[in-house]
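This is what each chain is made of:
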Amino acid sequence: MGFARHTYISMPSSIYTRMSKDNYFRMGYHYQVSGDLHAAADCYIRSIENAPNAEAHTFLGWVLAMMGEFDRAIEECQKALKLDPDFGNAWNDIGAYLTERGDFDKALPYLKRAAKSKNYDSPEYAFYNLGRVYIHKEMLVMARKHLQKAVTLNKGFQSAHRLLSNLDNQIH
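Rules and cut-offs
Starting from 1, residues in each chain are numbered consecutively following that chain's sequence as written. At least 70 in pLDDT is required for a residue's local features to be given in this predicted model, at least 80 for side-chain atom pairs to be given and counted, and no such filter applies to totals for whole chains, interfaces and linings, which use all residues. Computation of side-chain values covers all heavy atoms of the structure but excludes hydrogens and water. Only buried residues count toward a nonpolar core. Its members are Ala, Val, Leu, Ile, Met, Phe, Trp, Tyr and Cys residues joined through side-chain atoms within 4.5 Å. Only protein chains enter the accessibility calculation, which uses a 1.4 Å probe; a residue is then buried when its area is under 20% of its type maximum, exposed when over 50%, and partly exposed in between. Helical segments are the DSSP runs of H or I of at least four residues, strand segments are the runs of E of at least two, and each set is numbered from the N terminus. Stacked, tilted and edge-to-face are the three classes applied to pairs of Phe, Tyr and Trp rings, where Trp contributes its six-membered ring and a pair requires centres within 6.5 Å; stacked means planes under 30 degrees apart, edge-to-face means over 60, and tilted covers the rest. For a Lys NZ or an Arg CZ to count as sitting over a ring, it must be within 6 Å of the ring centre and within 35 degrees of the ring normal. Salt bridge criterion: a side-chain nitrogen from Lys or Arg within 4 Å of a carboxyl oxygen from Asp or Glu. Here the expected span of a helix is defined as 1.5 Å times the quantity of residues minus one. Arc definition: it is the arc formed by the directions from the helix axis to the C-beta atoms.

Chemist: Quick question: what am I supposed to make of the nonpolar core here?
Modeler: Considering soluble globular proteins, one finds that nonpolar side chains tend to be buried as a cluster. Counting residues in each nonpolar core, the largest one holds 51 residues, and the members touching the most others are F25, Y44, F59, Y97 and Y128. Tallying contributions element by element places helix α4 (residues 54-66) first for this core, with eight residues.

Chemist: What should I look at first to understand the packing of aromatic side chains in this one?
Modeler: For any pair of aromatic rings, geometry is given as the distance between the ring centres together with the angle between the planes. A full pass over the atoms with the stated rule returns nine aromatic pairs. Ring geometry for Y44 versus F59: centroids 5.9 Å apart, planes at 70 degrees, classification edge-to-face. You can see Y44 sitting in helix α3 (residues 37-50) and its partner F59 sitting in helix α4, a full 15 residues away along the chain. You can call F59 buried: its relative accessible area is 2%. Feature note: the residues F25, Y29, Y44, F59 and W62 constitute an aromatic cluster, connected by ring pairs. Of note, K149 hangs over the ring of F127, and the distance from its end group to the ring centre comes to 5.8 Å.

Chemist: Could you clarify how one ought to interpret the pattern of salt bridges in this entry?
Modeler: It is possible for side chains of opposite charge to pair when their charged atoms get near one another. With the rule as written, the count across this model stands at eight salt bridges. For the salt bridge of R132 with E100, the shortest nitrogen-to-oxygen distance reads 2.8 Å. Linking R132 in helix α8 (residues 124-136) with E100 in helix α6 (residues 88-100), this pair joins segments that are 32 residues apart in sequence. Between R101 and D103 there is a salt bridge whose closest N-O contact spans 3.1 Å. The exposure class of D103 is partly exposed, given its relative accessible area of 23%. Among the charged side chains, a salt-bridge network with shared partners connects D71, R101 and D103.

Chemist: What is the right way to look at the environment of W62 in this model?
Modeler: Residue placement: W62 occurs in helix α4. Distance in space between the C-alpha atoms of W62 and D93 is 7.5 Å, their sequence separation being 31 residues.

Chemist: How do you make sense of helix α5 (residues 70-83) when you look at a structure like this?
Modeler: Given 3.6 residues to a turn, an α-helix orients residues that are three or four positions apart in the same direction. Here α5 spans 20 Å end to end across 14 residues, near enough to the 20 Å set by a 1.5 Å rise per residue. Among all positions of α5, only F70, A73, I74, E76, C77, A80 and L81 are buried. The buried residues of α5 all sit within an arc of 160 degrees when viewed along its axis, so they share a single face.

Chemist: What should I look at first to understand unusual backbone geometry in this one?
Modeler: It is generally the case that most residues other than glycine have a negative phi and that most peptide bonds are trans. Positive phi, normally seen in glycine, also occurs at E138, with a value near 60 degrees. On the secondary structure map, E138 appears in the loop between α8 and α9 (140-153). Overall, E138 belongs to the exposed group, its relative accessible area being 70%.

Shown next as C-alpha cells:
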C-alpha cells in the first residue's frame, strides 16, 4: 500500500517557507521528485549542515524510507522533533514508517500526535495512516472514522477515498 506521502504531496507553510529560502532544501526536493534519491539526500544533508532544521531532517528521512532504510528514516524524524516538537510531518512519518514495518501498536501514538500537531498543514495524512493502522488491527469502525476525516480535510485525497470505499464494501 505504501505510506501516504508517496501518493499525494502538499506543501505545508513551514515547508514552503524552507523551500523559498533554502537552496539546498529546494534542490533536494527537486531531486527527490525526479527520482534521484542520493542527490536529494546529499542536498538535505547540506541544508542541515548550513542550518539545522526540522524540514530537512524529515525530508531526508522520507528519502531514506524510499530507499528502504526505515530505521535511519525514523532517526532523522526524531532529530526533526528535537528541533520542532510540534512538526506534524515528522510525527506522521515515524508512524507511517512503523506501519510499513508492521509495528501498528508503536505507530499509533505517533500518528495521534501528528493529527493534533499545530505545525502541520496536512493532517489528513495522519488520519489516513490512522485508518490504515485500525484496519490492520481489525478496528473497522475506528478505521472508517479516521478515513472519513482524511477525505473531509482533503476532498482530493484519492488514496483515502479508495481505502474508505474498499472499507465500506467490506463492512456492508
